[in-house]
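As a plain string of letters, each chain reads:
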Amino acid sequence: MTQPAARRSVPGIAPVARGAMPSQTVPSDAEPSVARSDPWWREAVIYQVYVRSFADGDGDGVGDLVGLTARLDHLTRLGVDGLWLNPCYPSPGADHGYDVADYMNIDERYGGLAALDALLAAAHDRGLRVLLDLVPNHCSAEHPWFQAALAAAPGSPERERFIFRTGRGPAGEQPPNNWRSVFGGPAWTRVGQTDQWYLHSFDPSQPDFNWRNEEVRAYFDEVLRFWFDRGADGMRIDVAHMLVKHPDLPDWPFPPDGSADYNGYAQNQPEVHEVLRRWRAIADSYQRQIPLVGEVWVPTVTDLARYLRPDELSQAFYFDLLMTGWDAAAFRASVSRGLAEIDATGAPVTWTLANHDVHRTVTRYGLVRPEGTVGSPDPVGGAVRARGEVDVARGLRRARAALLLVLALPGSVYLYQGEELGLPEVLDLPDEARQDPIWFRSGGTEYGRDGCRVPLPWRPDEPGLGFGSARTWLPQPAWFAEYAVTRQWEDASSMLNLCARALRERRARLAGAGPLEWIEIPQRPDVVAFRRGAITSVTVFGDEPYAAPPEWGRIVLASAPTDGPLPGESTAWLVADTPPRPR
Ligand code: ISL
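Residues numbered from 1 in each chain as written. Predicted model: local features only at pLDDT ≥ 70, side-chain atom pairs only at ≥ 80, totals over all residues. Heavy atoms only, no water.

A word on the overall build of the protein. Assigned secondary structure in the protein consists of 17 helices and 18 strands. Relative to the globule expectation of 25 Å for 583 residues, the C-alpha radius of gyration of the protein, 24 Å, shows essentially globular dimensions. Overall size of the protein, expressed as C-alpha extent along the three principal axes, is 75 × 55 × 50 Å. Counting only residues that meet the buried cut, the protein has 61% of its 583 residues in that class. When contacts within the protein are restricted to residue pairs at least 6 apart in sequence, long-range pairs at least 24 apart make up 68% of them. Of the accessible surface of the protein, which amounts to about 21,600 Å², a share of 53% is contributed by carbon and sulfur atoms. Taking the average place of the 58 positive charges on the side chains of the protein and the average place of its 76 negative ones, the gap between the two points comes to 4 Å. (Helix = DSSP H or I, 4+ residues; strand = E, 2+ residues; numbered from the N terminus. Rg over C-alpha atoms; globule rule 2.2 N^0.38 Å. Buried < 20%, exposed > 50% of the residue type's maximum accessible area, 1.4 Å probe, protein only. Contact = heavy atoms within 4.5 Å. Areas by Shrake-Rupley, 256 points an atom, 1.4 Å probe, with all protein chains shown as cover. Lys, Arg positive; Asp, Glu negative; His and termini not counted. Charge placed at Lys NZ, Arg CZ, Asp CG, Glu CD.)

Shown next, in the form of structure tokens:
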């Protein structure tokens, strides 16, 4: 049921031929001067592809790059500007690719390097950019450097690339400090029965690199150049705030009542900015605009803004809004904070409501009765992966409304695959199917992230719902069929059609529209409205309908059916035939 791909010409994209490796010295930017002055990514909508769950090209139950390339029409029809691929490098898969064993290759299970070249060519041909995912904080324990470190003596140059320390206690049998792994348990693993331990901020199979070591820094310079030379259009940077640790690795004063897990010595150290500046210089040495998009979880928006100084990251996900519940005042405050603090850096705010680490939007907004506290080892896990009774219809209404609100904001937007389908989280995966290391490391107290990673439903009446294999790597629930792509294209009121229309309207009416202007509605504190470019965006957070003043114009798009007042829990975009005069 897919339509032929629309061919768009986008300045700055040079088609990359299958198997070709554009060289760094040969500019691959068709119109560098245009792109230079107006970076393409500032207002881009990027679709996040969790490759193993998007589409399966070889029938083994796991999504791959061949499957993705074959379904790019879905993304062009949706109308996004590009895609970000979660890691698909060779990896034992303990954290599904966030444990990289070879940084300059593509896993054969995803089709190898040839499949990536083919994807780049096909995407560029359609005017879609492709961002890859850099995982620099840690590698896989199977990476040759870590294997060499284990084989080498304490204090050797091989061990210096990682963070090995002598344990505490008479025989070094206690971890060197009190740091905890984000996935649960101590952040240290002992090397056999020796007194040596190595640091892993995540799973023991993901040893942390020592970013105070020049060899590590030089290695990642090479990794970045490798992918940019090959035609990658940008990089998402995994846990960009965590690379550098406090030089003395002191104990962190965790509150004894266990109320906070944040460890200020394990992240957000001043020297991390040296690394980001170095990468920025590399990206800027190319003749095309290459964004570096950071995954940065830091305590405040002010902290976040430090990563976005002009010579550091181009963008960083604005998780503040993702962590905000369905509440008018909180939403508006979060958006204002982002615009004030992030805009001041000169970087665009990079909005996102979902990714592969958090509960799906429909479920977050539809949670009517949370189930006590979440025993999450991860400082933000409890907020973004709360469980309990979910009102799916309500969650979907809110997710539709939130999506329209966000798409009207100035800046760039990241959509997580399945968000365009309004997929809810799969909360009831059988325990034996779960694969997330968080599930194992927390001793089963935190269900982790598998529920947002279930393979996508494409066609309702095929085995595996058209994913490409009958047995998918995580089981799809029967109700996934209702959300299938083909079914949604046929339904004018579907989330997919709403999303596609919103992207079209955004492109047509909001490109280069500049900042927003809030509209105060004192009598309705549950309504958030702003004007931007030709559009007035109005979101009703409460249940009561709201009649927008006639001078705001006619509705061009609404997240819920209406022929008069806007229903509760909806967003509408209005356009006045004569734009209101600036006040
Ligand atoms: O998961 C989180 C939010 O729920 C963050 O607190 C946490 O830091 C996050 O897990 C970091 O994410 C990134 O690095 C991990 C990987 O498992 C995630 O998938 C990735 O997005 C380790 O590489």
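Next comes the rest of the description.
What follows deals with helix H14 (residues 392–407). Residues spaced three or four apart along an α-helix face the same direction, because each turn holds 3.6 residues. Helix length check: H14 (16 residues) gives 22 Å between terminal C-alpha atoms against 22 Å at 1.5 Å per residue, within 8%. Burial of H14 is extensive: twelve of the 16 residues sit out of reach of the surface. Those residues of H14 lying buried are Arg-394, Gly-395, Arg-398, Ala-399, Arg-400, Ala-401, Ala-402, Leu-403, Leu-404, Leu-405, Val-406 and Leu-407. Sitting at the head of H14, Asp-391 places a side-chain oxygen 3.3 Å from the backbone nitrogen of Ala-393. (Expected span 1.5 Å × (residues − 1). Polar contact = N/O pair within 3.5 Å; in protein donor to acceptor, adjacent residues only side chain to side chain.)

Interaxial distance between helix H7 (residues 214–230) and helix H8 (residues 272–284) falls to 10 Å at its minimum, and their mutual angle equals 30°. With respect to each other, H7 and H8 are oriented roughly parallel. For the element pair H7 and H8, the recorded crossing hand is right-handed. Of H8, the residues touching H7 (which contributes Glu-214, Arg-217, Ala-218, Phe-220, Asp-221, Leu-224, Arg-225 and Phe-228) are Glu-274, Val-275, Arg-278, Trp-279, Ile-282 and Ala-283. By residue class, the composition of the contact of H7 with H8 is eight nonpolar, no polar and six charged. (Axes fitted to C-alpha atoms, helices over the stretch in contact; angles between N-to-C directions. Parallel < 35°, antiparallel > 145°, perpendicular 65-115°, else oblique. Left-handed = near helix turned anticlockwise from the far one by under 90°. Nonpolar A, V, L, I, M, F, W, Y, C, P; charged D, E, K, R; others polar.)

Right, let's talk about the domain arrangement of the protein for a bit. The domain architecture assigned to the protein consists of domain 1 (144–199), domain 2 (353–477 + 497–511) and domain 3 (518–583). Centre-to-centre, using C-alpha coordinates, domain 2 lies 27 Å away from domain 3. Buried surface at the junction of domain 2 and domain 3, summed over both partners, amounts to about 1,700 Å²; 63% is from carbon and sulfur atoms. Area buried by domain 2 at its contact with domain 3 is led by Leu-404, Arg-509 and Leu-510, which between them contribute 34% of it. Taken together, the links from domain 2 to domain 3 amount to four salt bridges. Of all the secondary structure elements, the ones that give two or more residues to the side of domain 2 that touches domain 3 are H14 and helix H17 (495–510). Of the residues that constitute the side of domain 2 that touches domain 3, the class distribution is ten nonpolar, no polar and eight charged. (Domains from an automatic or database assignment. Buried area = accessible area lost by both parts, 1.4 Å probe. Salt bridge = Lys/Arg side-chain N within 4 Å of Asp/Glu carboxyl O.)

The subject of this paragraph is unusual backbone geometry. Positive phi values are uncommon outside glycine, yet Leu-465 reaches one of about 50°. Positionally, Leu-465 belongs in the loop between helix H15 (437–441) and helix H16 (485–490). What makes Leu-465 buried here is its relative accessible area of 10%. Its identity is not glycine, yet Glu-569 carries a phi of approximately 50°, on the positive side.

Adjacent strands of a sheet form backbone hydrogen bonds with each other and so pair up, either parallel or antiparallel. The strand order S14-S15-S16-S18-S17 describes an open sheet built from five strands, whose pairing is antiparallel. The outermost strands of the open sheet, each flanked by one partner alone, are strand S14 (517–519) and strand S17 (554–558). On average, each strand axis in the sheet is tilted by 25° relative to the strand beside it, whichever way the strands run. Sheet topology places strand S15 (residues 527–532) next to strand S16 (residues 535–540); six bridges connect them, and they run antiparallel. In the sheet register, Phe-530 faces S16, and the bridge partner there is Ser-537. Contacts between H14 and the sheet are confined to S15, S16, S17 and strand S18 (570–575), with S18 contributing the most and set at about 40° to the helix. Strand contacts of H17: S15, S16, S17 and S18, with the helix running at about 130° to S17, the strand carrying the most contacts. (Pairing = 2+ DSSP bridges.)

Moving on: the side chain of Asp-133. Mapped onto the elements, Asp-133 comes out in strand S3 (residues 129–134). Residue Asp-133 is classed as buried on the basis of its relative accessible area of 0%. Side chain to side chain, Asp-133 and Trp-84 meet in a polar contact 3.1 Å long.

Moving on: the packing of aromatic side chains. Scanning the entire structure with this criterion turns up 38 aromatic pairs. Taken together, a centroid distance of 5.3 Å and an interplanar angle of 80° make the contact between Tyr-318 and Trp-351 edge-to-face. On the criterion of sequence distance, the pair formed by Tyr-318 in strand S9 (residues 315–318) and Trp-351 in strand S10 (residues 350–352) is long-range, its members being 33 residues apart. We classify Tyr-318 as buried; its relative accessible area is 0%. Three or more aromatic residues joined by ring pairs make a cluster, and in this case those are Tyr-103, Trp-145, Phe-146, Phe-162, Phe-164, Tyr-198, Phe-209, Trp-211, Tyr-219, Phe-220 and Trp-279. The side chain of Arg-52 reaches across the aromatic face of Trp-473, ending 4.1 Å from its centre. For Arg-71, the ring lying beneath its charged end belongs to Trp-458, and the centroid distance is 4.6 Å. (Phe/Tyr/Trp six-rings, centres within 6.5 Å; stacked < 30°, edge-to-face > 60°. Lys NZ or Arg CZ within 6 Å of the ring centre and 35° of its normal.)

Taking 1.5 Å of rise per residue, 17 residues should cover 24 Å, and H7 covers 25 Å from first to last C-alpha, within 8% of that figure. Of all the residues in H7, the buried ones are Val-216, Arg-217, Tyr-219, Phe-220, Asp-221, Val-223, Leu-224, Phe-226, Trp-227, Phe-228, Asp-229 and Arg-230. The N-capping residue of H7, defined by a side-chain oxygen 2.7 Å from the backbone nitrogen of Glu-215, is Asn-213. After H7 finishes, the residue Gly-231 shows a positive phi value of roughly 115°.

For the pair helix H4 (residues 112–125) and H7, interaxial distance at closest approach is 11 Å and the crossing angle is 50°. Compared by their axis directions, H4 and H7 come out oblique. Side by side, H4 and H7 meet where Leu-113, Leu-116, Asp-117 and Leu-120 of the first sit next to Phe-226, Trp-227 and Arg-230 of the second. Here the contact of H4 with H7 is built from residues that sort into five nonpolar, no polar and two charged.

The subject of this paragraph is the pattern of salt bridges. Where side chains of opposite charge bring their charged atoms close, a pairing between them can arise. Summed over all chains, the structure comprises 38 salt bridges. Here Asp-107 ties to Arg-109 by a salt bridge, and the two come within 2.8 Å at their closest N and O atoms. Classification of Asp-107 as buried rests on a relative accessible area of 8%. On the accessibility criterion, Arg-109 (40% relative accessible area) is partly exposed. Note that Asp-311 is salt-bridged to Arg-277, the shortest N-O span being 3.3 Å.

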